[in-house]
Amino acid sequence: MKLPEIKTPLPGPKAREILERDKAILSTSYVRPYPFVPARGEGVWLEDVDGNRFLDLMAGIAVNTTGYNHPRVVQAVSEQAARFQHLCFSDFSSEPQVSLAERLNKLAGGGFRVYFGNSGTEAVEAAIKVVRYHTHRPYILAFTGAFHGRTLGSLALTSSNSKYRKGFAPLLPGVVHVPYPHPYRPPFGASPENAGKVVLDYIEHLFKTKLPPEEVGAIFFEPIQGEGGYIVPPAGFFTELSELARRYGILMVADEVQTGSGRTGKFLASEYENLDPDIVLLAKGMGTGYPISAILFKEELSSWPPGAHGTTFGGNPVAAAAAMATLDLLEEGLMENAARVGARLMEGLRSLQASFPRLGDVRGRGLMIGLDFVKDPETREEDPELRDRVGEAAFRKGLLTLPAGPSTLRLSPPLILSEAEADLAVELLGEVLQSL
């Protein structure tokens, strides 16, 4: 098995030179959590421009499902690129996208129409338009801590960090946020066992006092919150929320942009509660790094006419080929691998908590795991400074991670991660915690 190999001070001279050029020319809106400049990748390993090798535990924000340069994905992309790269699927149909739509519909349980875009935020925008067009209802419910994108419509639903919204008001009107049922930090002073009930009660309170439920078009939700901190809701919460929504004719929109495409061990994280959402959103890992998203919406919601929505590049045939190869690999064992190796990784990380009590919570499903750092394990006060120090120290050990939420370090490696590589990650993270 390969091991991380750090040959130069970080960043190395070549990386430093590129980062200086980056700073001089690129938008100041870009985030650089640590000075990593990739040159090439293979499997779950990335090498930077100075020849330093890293174990990738982030997969480009849960995108590189099959790792780097998987031969099956490379072959599918090459073969499609040799046929044709683009012909605007909004105007002209072609076989790769039709086959992909049929397959996604089947994987999601059937009864859906499919619209392709380029990114997660585009999928959210399309879903908002479907909801508005079909229901004619002005309001949308979303959750605090949610991340649904950063274009102006999706940004109105996003509430994981106020910096994303600062300076861009007024946003899309009619969006109402309610607390996400966070078992580790329950809202309204509830116990972990009642975290879901108090949120459901609060929604009912809103319906009675200020928000007519007959005017709510949809509830947008992440089955596991991503950017908000990799938060797993209490079991049964979304089942009860779906029942509540059905009573009032409110649509359920499952944002599976980060949780979908096998990351949690099932194709959709909604499957853990046997949910049947009206709309499902996919992106990120669906194309193993090639930009493609999909919105799946129930047949009866397909009431808009030709031209009501469209895109030039959405559903690009090369990206569709990459997605088909990714789905092949998921169904041939990568989803099962995500469940098995994720459970092993989770067990190893939880074993660190006894020695490091400021690692307050380890949570997740499959290969979607969050490490929540606290100032005090009793008060559970968030410690973003410690989280960032851990991420920086992990980088210098040869591990690539990313932050999420106020104080969480997220681990979202490629789904090809082996048990031995998971054990190595635990060992190195343990060394990082010991050093700090």
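Here the residue numbering is sequential within each chain, running from 1 through the sequence in written order. At least 70 in pLDDT is required for a residue's local features to be given in this predicted model, at least 80 for side-chain atom pairs to be given and counted, and no such filter applies to totals for whole chains, interfaces and linings, which use all residues. Side-chain metrics in this entry use all non-hydrogen atoms of the structure; hydrogen atoms and water are not considered.

## Side note on the overall build of the chain
Here is the rule: Put simply, DSSP marks the helices as runs of H or I at least four residues long and the strands as runs of E at least two long, and each gets a number from the N terminus on. Note on method: radius of gyration uses C-alpha positions; expected globular size equals 2.2 Å times residues raised to 0.38. Residue contacts are defined here by distance: any two heavy atoms, one from each residue, within 4.5 Å place the two residues in contact. Surface accessibility in these figures is a Shrake-Rupley result with a 1.4 Å probe; residues are shielded only by whichever protein chains are displayed. All tallies of charge rest on Lys and Arg as positive and Asp and Glu as negative; His and the ends of each chain are not included. The atoms used to mark charge sites are NZ of Lys, CZ of Arg, CG of Asp and CD of Glu.
Each helix and strand counted, the chain has eleven helices and 16 strands in total. In summary, the chain has a C-alpha radius of gyration of 21 Å against a globular reference of 22 Å for 436 residues, a match within 12%. The C-alpha extent of the chain, read off along each of the three principal axes, is 60 × 60 × 45 Å. Counting contacts in the chain only where the partners sit at least 6 residues apart, residues at least 24 apart contribute 72% of the total. Accessible surface, the chain: about 18700 Å² in total, of which carbon and sulfur atoms supply 53%. Both charge centroids of the chain, one from 44 positive and one from 52 negative side chains, sit 3 Å from each other.

## Describing the side chain of Thr158
Note the following rule: Each residue is assigned to one of three classes by its accessible area relative to the maximum for its type, calculated with a 1.4 Å probe on protein chains only: buried under 20%, partly exposed between the two thresholds, exposed over 50%.
Structurally, Thr158 can be placed in the loop between α6 (152–157) and β6 (175–178). Assessed through its relative accessible area of 0%, Thr158 is described here as buried. When residues no more than four places from it in sequence are discounted, the contact partners of Thr158 are Ala146, Phe147, His148, Gly149, Tyr164, Arg165 and His177.

## Focus: the side chain of Glu222
Basically, it comes down to this: The working definition used for a salt bridge is a side-chain nitrogen of Lys or Arg within 4 Å of a carboxyl oxygen of Asp or Glu. Distance and chemistry together define a polar contact, namely a pair of N or O atoms within 3.5 Å, with one atom able to donate a hydrogen and the other to accept it when in protein, and with adjacent residues in sequence counting only for side-chain atoms on both sides.
As for its placement among the helices and strands, Glu222 is situated in the loop between β7 (216–221) and α8 (237–247). This buried residue, Glu222, is left without a salt bridge; Arg410 holds the nearest opposite charge, at 8.2 Å. At a separation of 3.3 Å, a polar atom in the side chain of Glu222 contacts the main-chain amide nitrogen of Phe147. Leaving out residues up to four positions away in the same chain, Glu222 has contacts with Gly145, Ala146, Phe147, His148, Tyr180, Phe238 and Asp255.

## Some words on the pattern of salt bridges
This structure, assessed with the given rule, holds 28 salt bridges. Note that Arg72 and Glu332 form a salt bridge whose closest N and O atoms lie 2.8 Å from each other. Here Glu332 lies in helix α9 (residues 317–352) and Arg72 lies in helix α3 (residues 71–83), a separation of 260 residues in the sequence. Glu204 serves as the salt-bridge partner of Arg247, at 2.8 Å between the closest nitrogen and oxygen. Remark: Glu204 occurs in helix α7 (residues 195–209) and Arg247 occurs in helix α8; sequence separation between them is 43 residues. Taken together, the salt bridges that share partners define one network made up of Arg185, Asp361, Arg363, Asp372 and Glu382.

## Quick look at the pairing of β7
Heads up, the condition is: For two strands to pair, DSSP has to find at least two bridges joining them. Crossovers are marked right-handed if the path from the first strand over the helix to the second runs clockwise, as seen with the strands pointing away from the viewer.
By the criterion of burial, β7 is predominantly enclosed, with six of the six residues buried. Summarising the sheet, β7 and strand β8 (residues 251–255) pair through four bridges and their orientation is parallel. Looking at β8, one finds that Phe221 is bridged to Ala254. Handedness of the β7-α8-β8 crossover: right-handed.

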